[in-house]
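What follows is each chain in one-letter form.
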Amino acid sequence: MQAWAADQGIAGSMITFVADPAAELTKALDMEMTHPGPPSDGIIGRCKRFAVYAVKGDIKVTKVSEGEDDPAGDSDPSATLAEGMLEAIKA
């Protein structure tokens, strides 16, 4: 996670990357991908593409990028990108 954060240049920002190697948080948040998808893509058990806006531990906004034929949200991740989250937070 540190290497990814460094690559993305988030040092000193308000963004925090969190690892979840055993998928404990993924499952607790009900964000585990269960769509069968192409077996070669390894979808089962992966975390959905989501973003959370929380204030002092209180979740204010949760957005998930996924579609019926795109369980990973790769085709349209807009709901979880900065612009989509900022719109949701302002709403």
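This section reports on the structure supplied with the text. None of these values were measured; they are calculated from a predicted model.

Definitions and cut-offs
Residues numbered from 1 in each chain as written. Predicted model: local features only at pLDDT ≥ 70, side-chain atom pairs only at ≥ 80, totals over all residues. Heavy atoms only, no water. Pairing = 2+ DSSP bridges. Helix = DSSP H or I, 4+ residues; strand = E, 2+ residues; numbered from the N terminus. Phe/Tyr/Trp six-rings, centres within 6.5 Å; stacked < 30°, edge-to-face > 60°. Buried < 20%, exposed > 50% of the residue type's maximum accessible area, 1.4 Å probe, protein only. Salt bridge = Lys/Arg side-chain N within 4 Å of Asp/Glu carboxyl O. Arc of directions from axis to C-beta. Contact = heavy atoms within 4.5 Å. Patch = residues over 30% accessible without salt bridge, like charges linked within 9 Å, V, L, I, M, F, W, Y side chains within 5 Å. Areas by Shrake-Rupley, 256 points an atom, 1.4 Å probe, with all protein chains shown as cover.

1. A short note on the pairing of strand β2 (residues 58-65)
Stage number 1. Taken together, the seven bridges between strand β1 (residues 49-55) and β2 define a ladder with antiparallel strand orientation. Within β2, the residue paired with Tyr-53 across the bridge is Val-61.
Stage number 2. Between the antiparallel neighbours β1 and β2 lie two residues, among them Lys-56 with a positive phi of about 50°.

2. Section: the packing of aromatic side chains
Stage number 1. Scanning the model with the defined rule gives one aromatic pair in all.
Stage number 2. Measuring from centroid to centroid gives 4.5 Å for Trp-4 and Phe-17, while their planes differ by 45°, and the two rings are tilted. Here Trp-4 is found in helix α1 (residues 2-8), whereas its partner Phe-17 is found in the loop between α1 and α2 (24-28), with 13 residues between them in sequence.
Stage number 3. The class of Trp-4 is partly exposed, set by a relative accessible area of 48%.
Stage number 4. Overall, Phe-17 belongs to the partly exposed group, its relative accessible area being 25%.

3. Focus: the pattern of salt bridges
Stage number 1. If you walk through the whole model with that rule in mind, you get three salt bridges.
Stage number 2. Residue Asp-74 pairs with Arg-49 through a salt bridge whose shortest N-O separation is 2.4 Å. Taken as a pair, Asp-74 in the loop between β2 and α3 (82-90) and Arg-49 in strand β1 lie far apart in primary sequence, 25 residues in all.
Stage number 3. In this structure Arg-49 comes out as partly exposed when scored by relative accessible area, which is 32%.
Stage number 4. Note that Lys-60 is salt-bridged to Asp-58, the shortest N-O span being 3.0 Å.
Stage number 5. Here Asp-58 falls in the partly exposed class, since its relative accessible area comes to 40%.

4. A closer look at α3
Stage number 1. Buried within α3 we find Gly-84, Met-85 and Ala-88. In an axial view of α3, the angular spread of the buried residues amounts to 95°, which keeps them on one side of the axis. Exposed residues pointing more than 90 degrees away from the buried face of α3 are listed as Ala-82, Glu-83, Glu-87 and Lys-90.
Stage number 2. Against the buried residues of α3 lie β1 and β2.

5. Some details on a nonpolar patch on the surface
Stage number 1. A contiguous nonpolar surface patch, about 400 Å² in accessible area, is contributed by Val-18, Leu-25, Leu-29, Val-52 and Ile-59.
Stage number 2. Inspection of the secondary structure puts Val-18 in the loop between α1 and α2.
Stage number 3. Residue classification places Val-18 among the exposed residues on the basis of a relative accessible area of 57%.

6. Observations concerning the environment of Ile-10
Stage number 1. Relative to the assigned elements, Ile-10 resides in the loop between α1 and α2.
Stage number 2. Among the residues examined, Ile-10 registers a relative accessible area of 12% and is labelled buried.
Stage number 3. Discounting chain neighbours no more than four positions away, the residues touching Ile-10 are Ala-5, Ile-15 and Phe-17.

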